[in-house]
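Below, each chain spelled out in residue letters.
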Amino acid sequence: MHTVFYVSDGTAITAEVFGHAVLSQFPLAFEQITIPFVETLEKARQVRMRIDEQFRQTGVRPILFHTIVDPLVREEVLKSEACGHDFLNTFVSPLEQELGVKAEPRLHRTHGMENRKLYDDRIEAVNFALANDDGITTKEYDEADIILIGVSRCGKTPTSLYLALQFGIRAANYPFIEQDMGMLELPAPLKANRHKLFGLTIAPQRLHEIRNQRRANSRYSSIEQCEQELACVERLFRQEAIRFLDTSSHSVEEISAKILEATGLRRQLC
């Protein structure tokens, strides 16, 4: 098995994201090791020794994805017995020529607090998502950028938090429960913010599997209950012309991206 090292003088998030995207194209299993904050020559030497030791133990040349600003630190890491891939410099040099401006590399610019306001906005968005999760309160819906609605366990909470943390979007979410199903309609707080509503649904079998992990062999998790609730809620979505998305086979990242594409909500990227 190939070992993959993600090495950075920052959080290593960029190296991981790019690396995962590249490796996903290959039908292989990888042992993956992330080493962030390699900011000194001493740390770089330790990383080089660790990579070389892995090579000695396995006999397979490790793969190295790195985003290191300091050239001396980068050179030390690149002395290792690894197949290295430098994401930053791959794009920086051509862009310098295109833009006519010399890059000014600086540590922790990508995922640090370079723009304090954007960072604070993201944290406030996370606090908002937590305070307005699962219909805890509807008093702040006027401040929401989006309100996710759907049955219990269809992906509303993780999507709300991802939208907040990644993009600074104030996302609330409201669940429709079994007691709502008899005469299902939009409650007053949702009607008042109807333009912010976005529905999530899911395949009955998938919902059954998720709920069964939470409350095994209960009415709540039964396939019959799942089918009934989903049929009622999807009927409401269609009656009220509310856009909705089937989350059955999508990750939270994909769900969020599809919501942003459908709504045109502006991403705040730090």
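Now for a description of the structure that goes with this document.

Calculation notes
- Residues numbered from 1 in each chain as written.
- Predicted model: local features only at pLDDT ≥ 70, side-chain atom pairs only at ≥ 80, totals over all residues.
- Heavy atoms only, no water.
- Core = buried A, V, L, I, M, F, W, Y, C linked by side-chain atoms within 4.5 Å.
- Buried < 20%, exposed > 50% of the residue type's maximum accessible area, 1.4 Å probe, protein only.
- Contact = heavy atoms within 4.5 Å.
- Pairing = 2+ DSSP bridges.
- Helix = DSSP H or I, 4+ residues; strand = E, 2+ residues; numbered from the N terminus.
- Axes fitted to C-alpha atoms, helices over the stretch in contact; angles between N-to-C directions.
- Polar contact = N/O pair within 3.5 Å; in protein donor to acceptor, adjacent residues only side chain to side chain.

### Regarding the nonpolar core
If you look at soluble globular proteins, the nonpolar side chains tend to sit buried side by side. Counting 37 residues, the largest nonpolar core has Ile 146, Ile 147, Ile 149, Phe 176, Leu 186, Leu 190 and Leu 200 as its most contacted members. Other than its neighbours up to four places away in sequence, Ile 149 contacts Lys 156, Tyr 174, Phe 176, Leu 186, Leu 190, Leu 197, Phe 198, Gly 199, Leu 200, Phe 237 and Ile 242. Of all hydrophobic cores here, the second largest spans 13 residues; its members include Ile 51, Ile 68, Val 77 and Ala 82.

### What to know about the sheet that holds strand β5 (residues 146-151)
As summarised here, the arrangement of the four strands in space is β6-β5-β7-β8, forming an open sheet in which the pairing is parallel. Only two strands of the sheet have a single partner each, and these edge strands are β6 (171-176) and β8 (244-246). Taken over all neighbouring pairs, the strand axes of this sheet differ in orientation by 25 degrees on average, direction set aside. In terms of strand pairing, β5 meets strand β7 (residues 197-201) through three bridges, oriented parallel. In the sheet register, Ile 149 faces β7, and the bridge partner there is Gly 199.

### Remarks on the side chain of Ser 256
Relative to the assigned elements, Ser 256 resides in helix α10 (residues 252-263). Within the local environment of Ser 256, its side chain forms a polar contact with the backbone oxygen of Val 252, the two atoms lying 2.9 Å apart. Residue contacts for Ser 256: discarding those within four places in its chain leaves Thr 159, Tyr 162 and Leu 163.

### Topic: the side chain of Gln 225
Tracing the backbone shows Gln 225 in helix α9 (residues 223-239). According to the relative accessible area criterion, Gln 225 is buried, its value standing at 3%. A distance of 3.3 Å separates a polar atom in the side chain of Gln 225 from a polar atom in the side chain of Arg 219. Engagement of the side chain of Gln 225 in a polar contact is seen with the side chain of Glu 229, the distance being 2.7 Å. Among residues more than four places away in sequence, those in contact with Gln 225 are Glu 178, Arg 211, Arg 219 and Tyr 220.

### Focus on the environment of Glu 143
For Glu 143, the position within the fold is in the loop between α5 (116-131) and β5. Sequence-wise, Glu 143 and Ala 15 are 128 residues apart; in three dimensions their C-alpha atoms are separated by 35 Å. Aside from chain neighbours lying at most four places away, what touches Glu 143 is Phe 128, Arg 170 and Lys 196.

### Looking at the sheet that holds strand β4 (residues 83-86)
Ordered in space as β2-β1-β3-β4, the four strands form an open sheet in which the pairing is parallel. Unpaired on one side and paired on the other, β2 (30-35) and β4 mark the two borders of the sheet. Here the strands of the sheet are splayed against their neighbours by 20 degrees on average, with no regard to which way each runs. Pairing between strand β3 (residues 63-67) and β4: four bridges, direction parallel. Bridge pairing in β4 places Leu 64 opposite Gly 84. Contacts from helix α4 (residues 87-99) reach β3 and β4 within the one sheet, and its direction differs from that of β4 by about 45 degrees.

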